[in-house]
Amino acid sequence: MSDLAWIDAALTSARPQAVGALLRYFRDLDTAEEAFQNACLRALKAWPQNGPPRDAAAWLIMVGRNTGIDAARRAKKQAPLPPEALISDLGDVEDAVVERLDGAHYRDDILRLLFICCHPDLPPAQQVAVALRIVSGLSVQQIARAFVVGESAMEQRITRAKARIAGAGVPFEAPGPVERVERLSSVARMVYLIFNEGYSANAGEARARSPLCGEAIRLARLLLKLYPAEPEIMGLVALMLLQHARAAARLDAGGEIVLLDDQDRALWDRELIAEGLALIDKAMRHARPGPYQVQAAIAALHDRAERPEDTDWPQIDRLYAHLEVMQPSPIITLNRAVAVDKVRGPEAALAMVEPLAERLSGYFYFHGVRGALLLELGRTEDARIAFNRAIALANTPAEAAHIRLQLDRLMAGASGP
Amino acid sequence: MLYAILCYNDESAAWSWSKDEEDACMARLAVVQEKLATQGKLGPVARLMPTTAATTLRKDREPPLVIDGPFAETKEQLLGFYVVDCASLDEALDVARDLAKANPGGAYEIRPLAVFRPGDVAG
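Residues numbered from 1 in each chain as written. Chains lettered and ligands numbered in written order. Predicted model: local features only at pLDDT ≥ 70, side-chain atom pairs only at ≥ 80, totals over all residues.

> Would you take a moment to explain helix α15 (residues 270–284) of chain A for this structure?
Side chains three or four residues apart in an α-helix point the same way, a direct result of the helix having 3.6 residues per turn. With 15 residues, α15(A) should reach 21 Å at 1.5 Å per residue; the first-to-last C-alpha distance of 21 Å fits that figure. Buried within α15(A) we find A:Leu272, A:Ile273, A:Glu275, A:Gly276, A:Leu279, A:Ile280, A:Lys282 and A:Ala283. Residues of α15(A) that are buried make contact with α13 (231–244) and α16 (291–304) of chain A together with β3 (55–58) and β4 (65–68) of chain B. (Helix = DSSP H or I, 4+ residues; strand = E, 2+ residues; numbered from the N terminus. Expected span 1.5 Å × (residues − 1). Buried ≥ 20, exposed ≤ 12 C-beta atoms within 10 Å, placed from the backbone. Contact = placed C-beta atoms within 7 Å.)

Below, the structure written as structure tokens:
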């Protein structure tokens, strides 16, 4: 790895902590980001000569603080004095090092930085975009590319989201224990959103979006470092590792999405799977199950099967039953029906699926699953209608193509002897 | 004399590597390891999972206490190790320098082995 690449990695990894601390000092997101930028510029000059400092984040916080103070002093000549809180909080640079040792501050800084991105007024896509900009430090261009939108549109989206965050007021007081748990769960949800932006990408966009999965995993590992004994955070990291492990097999040469049953399992990343399994193992010891842990356990059962037919469907059925209780949702019931079909047959599965019709009538996957079950039961005409509904609702060419394949098989069967 | 070369670095910076950077680094390290192996100097090599996968058993009390996470919160973490057979500390340092060229950043601790049982677990 070249020196510059190494410095780049060090700056990226120090960013959440450094921007989080600078936000606490300056109480203004733009000032904090600018101070961090200036500190990075100095790092790029100083580190190649002097070598990287032992604690990159502490260095960046100290230098960022000084440049922020300088900027505030310069501004003072032209503008009215900054509010008292801005200056009174700026002690001697020495205490930056002392504070660095205070683990609680450091955790709350990073959590706060992630938490302000989860503002409930922001639609999910904006939460994700603003977190990638502020916490991960991706450029607007990189984010625009990942969302497959124009750069100026993304710039606007992020600016608007940041204005909304600033208008909402950043919660600077240290959170109490209950609040901390609530923040952590909002942040976990947002991190999983980032992952899904990368994971559920449709064909053609998938390659551009896949770095989002890596970024979400990086942020989730950071959370787990801050909260090493939280089984749901272990579950979240495990879930993403176990899903991301299949990334190389999820796209064919043409960039089309390959469904789980058809994937070349030799392409799955064994290292990521091993780490995911290790984390679930750790989480289970706490005997405090939650939705991320259960979803991770389901992903693990898929990852453990060397061939699709080796999949432990009875256990997947049981896990979905737990998930239905924890997080009732028609989508989870629909997923469970797929497992029930393998365990107890299409009749039991269809009985589970039919009551969902009203809530899921606009959902591609519902009609696809229903069609497959009807086909299994020999109700070909009903199956054909369901498949046609599914094709009409397909979000991607790959989804439509998959259903069409089933339809073709159906027609071939119908015209046969 | 057998030496352990213990690899320390900031694991969160290592997570910030791109897949390409990581692959390139692993390829460079493979060259160095290959050379050591042909000289008969290379013993076991291990790369550890991140410290988030670690669990610690505190055995200074009864019953021992199980804690999530690594033994110590440090800026740099133990990421893996090599065992090499070298005639002298100087030679072990040369090996470490070669590895460092392939994988800069962080530190190697070179530590002589007092007892070594290669064991027979399959990798």
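> Please explain the confidence of the model for chain B as it appears in this structure.
For any part of a model where pLDDT is low, the fine detail of the predicted coordinates should not be relied upon. Of all residues in chain B, 100% have pLDDT values of 70 or greater, and the mean over the chain is 92. Model confidence for the complex: the whole-complex pTM is 0.86, and ipTM, which rates the interface, is 0.89. (pLDDT = per-residue confidence, 0-100.)

> It is not clear to me how helix α21 (residues 364–376) of chain A should be interpreted in this structure. Could you clarify?
Residue and element names in this part refer to chain A. Under the 1.5 Å per step criterion, the end-to-end length of α21 is 19 Å for 13 residues, consistent within 8% with the ideal 18 Å. Burial analysis of α21 places 10 of its 13 residues in the buried class, which makes it a mostly covered element. Following α21 by one or two positions, Gly 378 adopts a phi angle in the positive range, close to 80 degrees.

> Teacher, can you tell me more about the interface of chain B and chain A here?
With 18 residues of chain B at the interface, the matching set in chain A holds 21 residues. Every element with two or more residues in the side of chain B that touches chain A is listed here: α1 (11–15) and α2 (19–38) of chain B. Here the element with the most residues in the side of chain B that touches chain A is α1(B); it accounts for three residues. Looking at the side of chain B that touches chain A residue by residue, the classes come out as eight nonpolar, six polar and four charged. (Nonpolar A, V, L, I, M, F, W, Y, C, P; charged D, E, K, R; others polar.)

> Please clarify how the confidence of the model for chain A should be interpreted in this entry.
With 90% of its residues at a pLDDT of 70 or more, chain A shows a mean pLDDT of 86. Contacts of residues 84–101 of chain A to residues separated by more than four positions or lying in other chains number 21 contacts, the stretch itself having pLDDT below 50.

> Just checking my understanding: could you explain the nonpolar core for this structure?
A general tendency of soluble globular proteins is for nonpolar side chains to be buried together. Core analysis: the biggest nonpolar cluster contains 120 residues, and A:Leu22, A:Leu60, A:Val191 and A:Val237 have the highest contact counts within it. Among the elements that make up this core, the one with the highest residue count is helix α1 (residues 3–26) of chain A (13 residues). Once residues within four sequence positions are removed from consideration, A:Val237 is found in contact with A:Ile217, A:Ala220, A:Arg221, A:Leu224, A:Leu279 and B:Thr52. Grouped together as the second largest cluster of nonpolar side chains are 11 residues, B:Cys7, B:Cys86, B:Val95 and B:Leu99 included. (Core = buried A, V, L, I, M, F, W, Y, C linked by C-beta atoms within 7 Å.)

> Could you clarify how one ought to interpret the packing of α13(A) against α15(A) in this entry?
Between two packed helices, what matters for the description is the angle formed by their axes and the separation of those axes. Residues and elements named next belong to chain A. At a closest axis distance of 8 Å, the pairing of α13 and α15 adopts a crossing angle of 160 degrees. It follows from the interaxial angle that α13 and α15 lie roughly antiparallel. By crossing handedness, the relation of α13 to α15 is classed as left-handed. When α13 is examined against α15, the residues Pro 231, Met 234, Gly 235, Val 237, Ala 238, Leu 241, Leu 242 and His 244 are found in contact with a partner set consisting of Leu 272, Ile 273, Glu 275, Gly 276, Leu 279, Ile 280, Lys 282 and Ala 283. For the contact of α13 with α15, the per-class residue count stands at 11 nonpolar, three polar and two charged. (Axes fitted to C-alpha atoms, helices over the stretch in contact; angles between N-to-C directions. Parallel < 35°, antiparallel > 145°, perpendicular 65-115°, else oblique. Left-handed = near helix turned anticlockwise from the far one by under 90°.)

> What is the right way to look at the environment of A:Ala300 in this model?
Residue and element names in this part refer to chain A. On the secondary structure map, Ala 300 appears in helix α16. Distance in space between the C-alpha atoms of Ala 300 and Ile 316 is 9.8 Å, their sequence separation being 16 residues. Ignoring anything within four residues of it in the chain, the contact list for Ala 300 reads Leu 242, Gly 276, Leu 277 and Ile 280.

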